[in-house]
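Structural overview
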Amino acid sequence: MTDRELCIVLNLIPELHPARMRRLLEAFGSVQQVCAADESLLAQVEGINAAIAKRIRSSVRSPRLLKEELARANQEGVGLVTLADAAYPRRLREITDPPVALYARGELTEADDAALGIVGSRAASLYGLQVAEQLGYDLALRGATVVSGLALGIDAAAHRGALRAHGRTIAVLGSGFSHVYPTEHAPLADTIAAHGAVVSEYPMQMLPYPGNFPRRNRIISGLSLGVVVVEAGERSGALITADSALEQGREVFAVPGAITASTSAGTHQLLKQGARLVTSVDDILEELHLLPVPVAASRVQQAAGPEGLREEDLSDAERRIASCMTGKEPLYIDAITARCGLATADVSAALLQLELKKIIKQLPGKHFIRYTYERHR
């Protein structure tokens, strides 16, 4: 087998977590040497017992495992890049324990060298969701790739912000591609793959076990120049990502929140420990000495919202709803129905169309708000 094929096969062995794989490579020098070593020699490496050594030897002797995994990946439009490939992400290769194989749907490009992670609580507040989406939007509009974990709450908001700016975003899964999690974000994953990439170190059929997510967080930070924590409780998984970032020599940023909010406890602790305070995207760009990439006028116009929509492009119901949603505060669907005097079914249908036309966006709990679009000159 080639180095590339051996990397994929070794990645299929569940017991070979990143630390064990790193020790094997340090002990033997290369993937080929690892796979050629006797079981007795393999078992001398810290963390590698006789059972794991036997599993390694049997796996590399079974081309069927590789063939079946590649067939599964190909069937779902997933490619693989390994440590043996020149196309492996440069920043991720630099960390202590990079995945030997990385599954990817979409495209990883050199533009992703300027990437920022945005992470935070799944049970995010409205404030946190708005901040995460705005930061994702602002970073993407300025040429940065937004990296996050596809999770509910802050992660999804950051991805959506980048997509709204027609920029690049990368989602890092905590499962295999055959079990995208959370399932309700499968359509979002499809959209991200079309405008960036969805990646995972896990084999195709790996289930979203709870222990997978802390491990995958090192990839979010590893792909990034720095990590922005928007909201996090005292024991939030986002803090694990921040710890990984520090271990990898990446910058850590935190967004302040209300002192009465439990989701601010983690971010405020990070700020006390020296994380860079973020009040706007300029704080991030300044700290990382990044110059905004000039954005084509057409892309700014695309990202700037539905200014080109004419009145005749909207139905009567859509016009009535849009005209009654002029404030900056979100409105519950019942309040919208009462204001515009339409039937509930007509309001629901019109709200969906207004979302698709990027005039409004839906927030948790059936609340809706008008998009606010910044001017970029």
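Residues take numbers from 1 onward in each chain, read along the sequence in its written order. With the structure being a predicted model, the display of local features is reserved for residues of pLDDT at least 70 and the display and counting of side-chain atom pairs for 80 or more, all residues being used for whole-chain, interface and lining totals. Each side-chain value is worked out from all heavy atoms of the structure, with water and hydrogens disregarded.

**With respect to the environment of Ala132**
The criterion, for reference: The helix count covers DSSP runs of H or I at least four residues long, the strand count covers runs of E at least two residues long, and both are numbered beginning at the N terminus. Here the term buried applies to any residue with accessible area under 20% of the maximum for its type, exposed to any over 50%, and partly exposed to those in between, with areas from a 1.4 Å probe on protein chains only. In what follows, a contact means two residues having at least one pair of non-hydrogen atoms within 4.5 Å.
Relative to the helices and strands, Ala132 is located in helix H8 (residues 126–141). What makes Ala132 buried here is its relative accessible area of 0%. Residues Ala132 and Asn74, 58 residues apart in the sequence, show an inter-C-alpha distance of 34 Å. Those residues in contact with Ala132, other than ones at most four positions away along the chain, are Ile118, Ile154, Ala157, Ala158 and Val230.

**Remarks on the side chain of Arg57**
Put simply, the test is: The positive count covers Lys and Arg only, the negative count covers Asp and Glu only, and His and the chain ends enter neither. What counts as a salt bridge is simple: a side-chain nitrogen of Lys or Arg found within 4 Å of a carboxyl oxygen of Asp or Glu. For this analysis, a polar contact is any N or O atom pair within 3.5 Å, provided that within protein one partner can donate a hydrogen and the other can accept it, and provided that sequence-adjacent residues contribute only side-chain to side-chain pairs.
Within the secondary structure, Arg57 sits in helix H5 (residues 50–60). Within the buried core, Arg57 has no salt-bridge partner, and the shortest N-O distance to an opposite charge, that of Glu39, equals 5.4 Å. One polar contact links the side chain of Arg57 to the main-chain carbonyl oxygen of Ala37, over a distance of 3.5 Å.

**With respect to the pattern of salt bridges**
Evaluation of the coordinates by the stated rule reveals 19 salt bridges. The shortest N-O distance in the salt bridge between Glu94 and Arg90 comes to 3.2 Å. For Glu94, a relative accessible area of 47% translates into the label partly exposed. The class for Arg90 is partly exposed, based on a relative accessible area of 41%. Linking Arg164 and Glu133 is a salt bridge whose minimum nitrogen-to-oxygen distance equals 3.1 Å. Of this pair, Arg164 sits in helix H9 (residues 154–164) while Glu133 sits in helix H8, and the two are 31 residues apart along the sequence. Residue class for Glu133 comes out buried when judged on its relative accessible area of 9%. Each of the salt bridges in this network shares a partner with another, and the network as a whole consists of Asp97, Glu201, Arg215 and Arg218.

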